[in-house]
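Summary of the model geometry
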Amino acid sequence: MAILLFAEHDNVTLSEQTAKALSAAAKIGGDIDILVAGKNVRVVAEASAKLSGVRTVLVAESDALENQLAENAATLIVSLSGDYDTIVAPATANGKNILPRVAALLDVMQISEVMDVVDADTFKRPIYAGNAVEVVQTTDATKVMTIRTSSFGATEDGSTTAPIKSIDVGATDAGKSSFIENILSQNDRPELGSAKIIVSGGRALGSEEKFKAVITPLADKLGAAVGASRAAVDAGYAPNDLQVGQTGKVVAPDLYIACGISGAIQHLAGMKDSKVIVAINTDEDAPIFQVADYGIVGDLFDVLPELEGQL
Ligand code: FAD
């Protein structure tokens, strides 16, 4: 059994999502190679080589691979696929962009958002917005899957370092797309997907100004990321990239504080695997209390400043 793990990185830093997807790959079992595709990615390759349980780090560098364009990355992965039984990537924007194309080119069915490994052919994944878990068994010769990284812990660095091997990338420019620009939102806070603590606000905040005035100080105090319900995002209280839920980000921090969020299934789909959930809501029957470890029935405009003051 050999597994190829497509690394998530920005050419400079190896994302923790790779170490989490590696834990899933280790559970499948077999020799695991990490593919670092990009440009000037030596530092990323070295970080990958330190991770425990890696056989080899393959480095593929070219201009065409610098920006993780799906067409080019998929061409590369398919060219290597003959040596592997399983190809995995974290279910990030890149992974979700690239692996379906790999699966289509190999004429196999992708298994998306794997949240547990039963055995080398059988996997658990969420359906119906996370309200049910499907067990999928595949007979495909090459298994292609994205990993829901919030379901796996990150693999630690090991005591040895895997060899790093540069590979000949050949003609990886598929010529079907070109990179124009990357507009990143500027944020000093921890990234939602990897934050240990998230303070999230809902429709109850009432305005962008109040969202900032009440949620931000508590998040600052806790060194937390800020999240939001879709109602808060749709109303313009918080930017789109903070949305947690079925159509937002799926998170599983150590602590999730839901403030004025009712707990609709679409929101729960994005946060119910958080380790400790605290809910603050005026309605004691709000569904969020069904998943909360700690519930405060009260007005968030009283509770949050008090909590922040106590901290
Ligand atoms: P509400 O449901 O209006 O709840 C506000 C809560 O605040 C209430 O429980 C109320 O009791 C409480 N409250 C009011 N005043 C106060 C106060 N002063 N102090 C404390 N509590 C107070 N939603 C998401 O969040 N993420 C998604 O990804 C998502 N995807 C969706 C996809 C689809 C296809 C659909 C149909 C819906 C989706 N939704 C999503 C929307 C979801 O159904 C809910 O409408 C949304 O989550 C509600 O947001 P909310 O809890 O902030 O607002």
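These figures come from a predicted structure and were not determined experimentally. (Residues numbered from 1 in each chain as written. Predicted model: local features only at pLDDT ≥ 70, side-chain atom pairs only at ≥ 80, totals over all residues. Heavy atoms only, no water.)

Further remarks concern the overall build of the protein. Helix and strand counts for the protein stand at 9 helices and 15 strands. Taking 19 Å as the expected radius of gyration for a compact globule of 311 residues, we find that the protein reaches 21 Å, a close match to that expectation. Expressed along its principal axes, the backbone C-alpha trace of the protein runs to roughly 60 × 40 × 40 Å. A total of 311 residues make up the protein; the buried ones form 49% of that total. Carbon together with sulfur atoms contributes 47% to the accessible area of the protein, which is approximately 14,700 Å² in total. (Helix = DSSP H or I, 4+ residues; strand = E, 2+ residues; numbered from the N terminus. Rg over C-alpha atoms; globule rule 2.2 N^0.38 Å. Buried < 20%, exposed > 50% of the residue type's maximum accessible area, 1.4 Å probe, protein only. Areas by Shrake-Rupley, 256 points an atom, 1.4 Å probe, with all protein chains shown as cover.)

Right, let's talk about unusual backbone geometry for a bit. Excluding glycine, a negative phi dihedral is what most residues carry, and trans is how most peptide bonds are arranged. Backbone geometry places asparagine 11, a non-glycine residue, at a positive phi of 75°. If you trace the backbone, asparagine 11 turns up in the loop between strand 1 (2-6) and helix 1 (16-28). Asparagine 11 sits in the buried class, given a relative accessible area of 14%. Positive phi values are uncommon outside glycine, yet glutamate 113 reaches one of about 55°. Take glutamate 113: it is sitting in strand 5 (residues 111-114). Judged by relative accessible area, which is 16%, glutamate 113 ranks as buried.

Near the ligand, the surroundings consist of 26 residues, among which Arg203, Ser229, Thr247, Ser262 and Asn281 are the closest. The side chain of asparagine 281 places a nitrogen or oxygen atom 2.7 Å from an oxygen atom of the ligand. A majority-of-atoms criterion places the ligand in the second largest pocket. If you list the elements that add at least two residues to the shell around the ligand, you get helix 6 (230-234), helix 7 (265-271), strand 14 (276-281) and helix 9 (300-310). Each residue belonging to the shell around the ligand can be placed in one class, and the counts come to 8 nonpolar, 14 polar and 4 charged. (Near = heavy atom within 4 Å. Polar contact = N/O pair within 3.5 Å; in protein donor to acceptor, adjacent residues only side chain to side chain. 1 Å grid on protein atoms, 1.4 Å probe; cavity = no way out; pocket = protein on both sides within 12 Å on 5 of 7 lines; lining within 4 Å. Sits in = over half its atoms within 2 Å of the grid points. Nonpolar A, V, L, I, M, F, W, Y, C, P; charged D, E, K, R; others polar.)

Residues Val88, Met145 and Ile147 are the most contacted members of the largest nonpolar core, which totals 31 residues. For this core, the elements supplying multiple residues, two or more each, are strand 1, helix 1, strand 2 (31-38), helix 2 (42-50), strand 3 (56-61), strand 5 and strand 9 (143-147). Looking at this core element by element, the count peaks at 6 residues for helix 1. If we skip the residues at most four places from it in the chain, valine 88 touches Ile3, Leu4, Leu5, Phe6, Ala25, Ile28, Leu99, Met145 and Ile147. If you look at the next biggest cluster of nonpolar residues, it comprises 25 residues, including Leu58, Ala74, Leu76 and Tyr84. (Core = buried A, V, L, I, M, F, W, Y, C linked by side-chain atoms within 4.5 Å. Contact = heavy atoms within 4.5 Å.)

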